[in-house]
Amino acid sequence: SAVISQKPSRDICQRGTSLTIQCQVDSQVTMMFWYRQQPGQSLTLIATANQGSEATYESGFVIDKFPISRPNLTFSTLTVSNMSPEDSSIYLCSVGRGQSSNGYTFGSGTRLTVV
Amino acid sequence: QKEVEQNSGPLSVPEGAIASLNCTYSDRGSQSFFWYRQYSGKSPELIMSIYSNGDKEDGRFTAQLNKASQYVSLLIRDSQPSDSATYLCAVNRGDSSYKLIFGSGTRLLVRP
């Protein structure tokens, strides 16, 4: 399976600021997703990062708040903009090859605390 | 009704016992089913996948799927304290999407 490097591993940010999270994969992957896991809860899909085009966002998530870039098949960034304490969460990138039937691998996550 | 439902637990079993984790899903078009294990403070790790009705075994793990009942389960034989974690059931969307929907997870505690 793919090896994923996600940075930063954690950060404490002031409200109103933005944080960009990076996801680097050791090989080309077709599918890349960004998830959020709030404390004590399961994973919620934020968006699908599409190479060469705009990301596809899930209901409740918008581009202005969570802009995503995917310049190539091995790299993506997620920015959490204008942060509030409610954005405190773990953010995870996930990658897969081919069909979803192969399952997906997760990065190590970014633990974000907004104060 | 949630798309993927799991009992939050905790499910407590003694070491050496069989742990049985259950999951139901609402989308009849779903075709791919996964179990992830998540240790506290860590990211989810894929441990089993199943696509056809019946059982699939991998070491101490057995996944069971019943599409008619929209039910997936995970059996862990000879449970070890190191199996103590949260187990997440994930199902792909039935609209041929590549997206996975996760349940809320079941916390498993294996008592030494």
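Everything below is about the structure shown above.
The structure displayed is predicted, hence computed values, not measured ones.

What counts, and where the lines are drawn
- Residues numbered from 1 in each chain as written.
- Chains lettered and ligands numbered in written order.
- Predicted model: local features only at pLDDT ≥ 70, side-chain atom pairs only at ≥ 80, totals over all residues.
- Heavy atoms only, no water.
- Helix = DSSP H or I, 4+ residues; strand = E, 2+ residues; numbered from the N terminus.
- Rg over C-alpha atoms; globule rule 2.2 N^0.38 Å.
- Buried < 20%, exposed > 50% of the residue type's maximum accessible area, 1.4 Å probe, protein only.
- Contact = heavy atoms within 4.5 Å.
- Disulfide = S-S within 2.5 Å.

### Some words on the overall build of chain A
- Looking only at helices and strands, chain A has zero helices and eleven strands in total.
- The helix and strand sequence of chain A, counted from the amino end, reads β-β-β-β-β-β-β-β-β-β-β.
- Relative to the globule expectation of 13 Å for 115 residues, the C-alpha radius of gyration of chain A, 13 Å, shows essentially globular dimensions.
- Seen through its principal axes, chain A has C-alpha atoms that stretch 40 × 25 × 25 Å.
- Within chain A, the proportion of its 115 residues that are buried is 52%.
- Put simply, 55% of the contacts in chain A that link residues at least 6 apart link residues at least 24 apart.

### Remarks on unusual backbone geometry
- Geometrically, the link from A:Lys7 to A:Pro8 is a cis peptide bond, its omega value of -10° lying close to zero.
- As for its position among the elements, A:Pro8 is in the loop between strand E1 (4-7) and strand E2 (10-13).
- With an omega dihedral of 10°, the bond running from B:Gly9 to B:Pro10 counts as a cis peptide bond.
- Among the structural elements, B:Pro10 can be located in the loop between strand E1 (4-5) and strand E2 (11-14).
- Even without a glycine there, the phi angle at A:Asn82 is positive, about 45°.
- Of note, A:Asn82 is situated in the loop between strand E8 (75-80) and strand E9 (89-96).
- Its identity as a non-glycine residue notwithstanding, B:Gln70 has a phi of 55°, on the positive side.
- Among the structural elements, B:Gln70 can be located in the loop between strand E7 (61-66) and strand E8 (71-76).

### What to know about the state of the cysteines
- A complete count under the given rule lists two disulfides over all chains for this structure.
- A:Cys23 shares a disulfide with A:Cys93; S-S distance 2.1 Å. Residues A:Cys23 and A:Cys93 share a disulfide whose torsion about the S-S bond is about 65°; that sign makes it right-handed. Pair noted here: A:Cys23 is in strand E3 (residues 19-25) and A:Cys93 is in strand E9, with a separation of 70 residues, a long-range link.
- On the accessibility criterion, A:Cys23 (0% relative accessible area) is buried.
- The disulfide partner of B:Cys23 is B:Cys89, and the gap between their sulfur atoms is 2.1 Å. Residues B:Cys23 and B:Cys89 are joined by a disulfide whose S-S torsion is about -70°; by sign, that bridge is left-handed. Of this pair, B:Cys23 sits in strand E3 (residues 19-25) while B:Cys89 is found in strand E9 (residues 85-92), placing the two residues 66 residues apart along the sequence. Both residues of the pair, B:Cys23 and B:Cys89, belong to the buried class.
- Cysteine A:Cys13 remains unbridged, with the sulfur of A:Cys93 as its closest cysteine sulfur at 17 Å.

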